[in-house]
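Chains, contacts and geometry: an overview
If you want the building blocks of each chain, they are given just below.
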Amino acid sequence: MATPCNGGERLSGASGGAAEPRPKTLTELPAELLEYILCFPALSHTDICSVSRCCRRLHDVCHSSGKVWSHQYKLRWPRLQRLYRQNESYDWQKEYRTRHMVCLQIQRTVVSISKRFFTEVPCVGQVLGDSFTEIESLGAPEHFCEDELLSILNSDRRKSLTLKYYAKKILYFLRQQNILRSLKAFLERPPEEQSALEGAVLVDQYCNPLADVTLESISAQLNDITEKVKKYLRVKNASHPSLRTSQGTSGLVEDFELQRQVICALNAVLYEQLQFKGNECDYYNPLNSYIHQVLLRRTGIPISLSVLYMMLARKLGVRLEPVNFPNHFLLRWCQRQARWASEDIYDYVYIDAFGKGKQLTAKECEYLIRQQVTADYYSSISTTELLLRMVGNLLNIGKRGEGNEKSYQLLRDSLDLYLTIDPDNVQYLLLQARLYFHLGIWPEKVLDILQHIQALDPSQHGAVGYLVQHTLEHIQHKRHPIEPEVKRRSAPEHCQVQYSVGLVMKHKRSGYNCVIYGWDPKCTMSQEWITTMRVHQLPNGANQPFYNVLVQDGTCRYAAQENLEPHSAPLEIAHPEVGRYFTEFTDTHYISNEELQTRYPDDTAETHYSKTNLEKLVFNNVIYINYSLN
């Protein structure tokens, strides 16, 4: 009988078996294998910190410049990898710590804005000063802030709606500040270095800071069109000098017949092949002024189409000049060979890019607008003047708006642009001050604008004095804010209120879908509104609960209780202001954020109860229908 081994050791020798190696501990594994284990996706940065404190061996494996912290950084912020050179060494732990601190500070900033601006028109620039001073003190690059805001926006679509709402506004503001800096640098260049296309792209970017609009992408699209024109031109004249110009070069074609061939080819490709056209049906749509939208939708207004036409012609060797013609922007094409531009308006052909490239004489231009003009209006203008005309169009569209947030935002953006280009324009400075005063935002900036107006034009003291007085009253009022009204469903005067905030509803008459974000026990609008909206024709008139609702089409409405009913199949309401009031959509209803719950403290439970009953009703109806069919 074999003698047992002491301590669990196997015998060697006669049996011929070798001693089995003792299992290794974690710390005895090779460094490469430890790094592989510690890069497991389930491990967080806190796990890595804990592991590195266990012993010297693991601390060395988790060193700050090594693979483990590099993996943690890439896992958390994949979009930032393009900003690092692959062959360089970085202190990844330090990078992660800095980035994490920025992340926390930005989230605190977003939350603070939510609490402060729930009852006001959010003007993010008014409060970001102190908050972003703290972020800048961390020494983080600017792109850290933008990436964190994008991370918030790209998180679960139905959750953190309030956080996303204000993160979007902050990102909007930060990008606009960068674009304004680029525009100021652009305006400081010599006139001959100011490209009309680049200026138009900057205007586009400022009004659409969340869109992916770059000068490179716009130029690439123009290069594609240029190649199509060259292909057409090659069929007509294979030896044309414009065919020899590569992308980016701008050698001018001197011969007028050769220039004419370019213009004919450009018209054929732009208007016949690609079907670009003037937008006569929806002329005052701001999208007509944005270069990326003009290229996407292939329609625009005279000035935006003229910028594209002029830049395409220049790429093909034909020099066209912008003409600030009243009511209809034009281009002019000189027909007389001379070293310097001709002063005679009859030496030019005028091109109407809005009218499919139609060529006009000076007299025909007057027929186009049905009025006579002086020779000054036929002169070419600078890029700066072109941008003022373009931004002025947007300003007028904003003035024509319906007084909703979208039109106010366009008005604010276009005023910012106009006053960046022409900072001493008293008319528009006064309009900006009045707009901010009307919206009740940024009273300190209103005072700065008014002080600037007074210095530029003392004759405006009457309007300035009125606005100063009322702005100071507004500032004093903000120092002693009124406590928000709390509406409890248990109050006797609220006994007729059937619905609660967060419920997704359908309008019985108009058919629109909406979500309730507020209510009154009876109509609180003016008598004029009640008469205009024919409230008295309703069976219950104005003496019934009315609800503030966010509508699927982006509008806000005030609806009578008898006109609303709970939606049988609740769906998300794609309204830009949803995040201002709600934090989450739960497939059946919206959950109010902290600020809305403060005003309607009983509605959260009521909404949940209502949806539970609705689900039971739907379920019972389905059972009944199935039973009937069987």
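For the structure, check the block above.
Sequence positions are assigned chain by chain, starting from 1 and proceeding in written order. Only residues with pLDDT of at least 70 are given local features in this predicted model, and only at 80 or more are side-chain atom pairs given and counted; all residues enter the totals for whole chains, interfaces and linings. For side-chain calculations, the full set of non-hydrogen atoms in the structure is used, while hydrogens and water are omitted.

**A short note on the pairing of strand β8 (residues 513-520)**
It is a general feature of regular strands that their side chains alternate between the two faces of the sheet. To be explicit about the condition: Burial classification: accessible surface area is computed with a 1.4 Å probe over protein chains only, and a residue below 20% of its type maximum counts as buried, one above 50% as exposed, and the rest as partly exposed. The helix and strand labels rest on DSSP assignments: H or I over at least four residues marks a helix, E over at least two residues marks a strand, and numbering proceeds from the N terminus. Paired strands, in this sense, are two strands between which DSSP finds at least two bridges.
Of all eight residues in β8, eight are buried, a share of seventy percent or more. Strand direction decides the pairing type here: strand β7 (residues 504-507) and β8, joined by three bridges, are antiparallel. Looking across to β8, one finds that Lys506 is bridged to Asn513. Adjacent in sequence and paired antiparallel, β7 and β8 are bridged by five residues, among which Gly511 carries a positive phi angle near 80 degrees. Direction of pairing for β8 relative to strand β9 (residues 546-551): antiparallel, over a ladder of six bridges. Residue pairing across strands places Gly518 opposite Asn548, the latter belonging to β9.

**Quick notes on the sheet that holds β7**
Keep this limit in mind: To obtain an axis, a line is fitted to C-alpha atoms, over the contacting stretch when the element is a helix, and the angle between two such axes runs from 0 to 180 degrees between their N-to-C directions.
If you trace the five strands from one edge of the open sheet to the other, you get β10-β9-β8-β7-β11, paired in antiparallel fashion. Lying at the two open borders of the sheet, with one neighbouring strand each, are β10 (556-560) and β11 (564-566). Sheet twist, expressed as the average angle between the axes of neighbouring strands with direction ignored, equals 50 degrees. Strand direction decides the pairing type here: β7 and β11, joined by three bridges, are antiparallel. Note on β11: the bridge partner recorded for His507 is Leu564.

**A look at the environment of Gln372**
Here is the rule: Whether two residues are in contact is decided by their heavy atoms: any pair within 4.5 Å suffices.
Examined against the element boundaries, Gln372 turns out to sit in the loop between α14 (362-369) and α15 (383-400). For Gln372, a relative accessible area of 67% puts it in the exposed group. Discounting chain neighbours no more than four positions away, the residues touching Gln372 are Lys363 and Glu366.

**Here's the deal with the packing of helix α8 (residues 161-187) against helix α9 (residues 196-207)**
Put simply, the rule is: What sets the label is the angle itself: under 35 degrees gives roughly parallel, over 145 gives roughly antiparallel, 65 to 115 gives roughly perpendicular, and the rest give oblique. By convention, the crossing between two helices is left-handed when the near helix turns anticlockwise from the far helix through less than a right angle, and right-handed when the turn is clockwise. Under the scheme applied, nonpolar residues are Ala, Val, Leu, Ile, Met, Phe, Trp, Tyr, Cys and Pro; charged residues are Asp, Glu, Lys and Arg; polar residues are all the others, including Gly.
One can describe the packing of α8 onto α9 by two numbers: an axis separation of 9 Å at closest approach and a directional angle of 160 degrees. Considering the angle they form, α8 stands roughly antiparallel to α9. Of the two elements, α8 crosses α9, and the hand of that crossing is left-handed. Residues Tyr172, Gln176, Ile179, Leu180, Ser182, Leu183 and Phe186 of α8 form the contact with α9, whose participating residues are Glu198, Gly199, Leu202, Gln205, Tyr206 and Cys207. Here the residues of the contact of α8 with α9 are counted per class, giving eight nonpolar, four polar and one charged.

**Some points on helix α19 (residues 461-479)**
Here is the rule: Here the expected span of a helix is defined as 1.5 Å times the quantity of residues minus one. The directions from the helix axis to the C-beta atoms are what the arc is built from.
In this model α19 runs 27 Å from its N-terminal to its C-terminal C-alpha over 19 residues, within 8% of the 27 Å that 1.5 Å per residue would give. Of the residues making up α19, those classed as buried are Val464, Leu467, Thr471 and Ile475. Angularly, the buried residues of α19 cover 75 degrees about the axis, an arc narrow enough to put them on a single face. Looking at the packing, one finds that the buried side of α19 touches α17 (426-439) and α18 (443-456).

**Topic: helix α11 (residues 256-273)**
To keep things clear, this is the line we draw: Here a polar contact means two N or O atoms within 3.5 Å. Within protein one must be a hydrogen donor candidate and the other an acceptor candidate, and residues neighboring in sequence count only if both atoms are side-chain atoms.
Helix length check: α11, at 18 residues, gives a terminal C-alpha distance of 24 Å against a target of 26 Å (1.5 Å per residue), a fit within 8%. Those residues of α11 that fall on the buried side of the exposure criterion are Leu258, Gln259, Gln261, Val262, Ile263, Ala265, Leu266, Asn267, Ala268, Val269, Leu270 and Tyr271. Taken together, the buried residues of α11 touch α10 (215-236), α13 (302-315), β4 (330-334), β5 (348-352) and β6 (358-360). For α11, the side-chain oxygen to backbone nitrogen distance between the N-cap and Glu257 is 3.0 Å, and the N-cap itself is Asp255. The first or second residue beyond α11 is Gln275, which carries a positive phi of 65 degrees.

**A look at the pattern of salt bridges**
Note the following rule: Just to be clear on terms, a salt bridge is a Lys or Arg side-chain nitrogen sitting within 4 Å of an Asp or Glu carboxyl oxygen.
Applying the stated rule across the entire model yields 20 salt bridges. The shortest N-O distance in the salt bridge between Glu257 and Arg260 comes to 2.6 Å. You can see Glu257 and its partner Arg260 sitting in helix α11, three residues apart, about one turn around the helix. Taking relative accessible area as the criterion, Glu257 reaches 38% and is therefore assigned partly exposed. Arg557 is the partner of Asp553 in a salt bridge, and the nearest nitrogen-oxygen pair spans 3.0 Å. We classify Arg557 as partly exposed; its relative accessible area is 31%. One network of salt bridges, with partners in common, ties together Arg76, Arg79, Arg99, Asp147 and Glu148.

Spatial relationships are all this shows, so hold off on functional conclusions.
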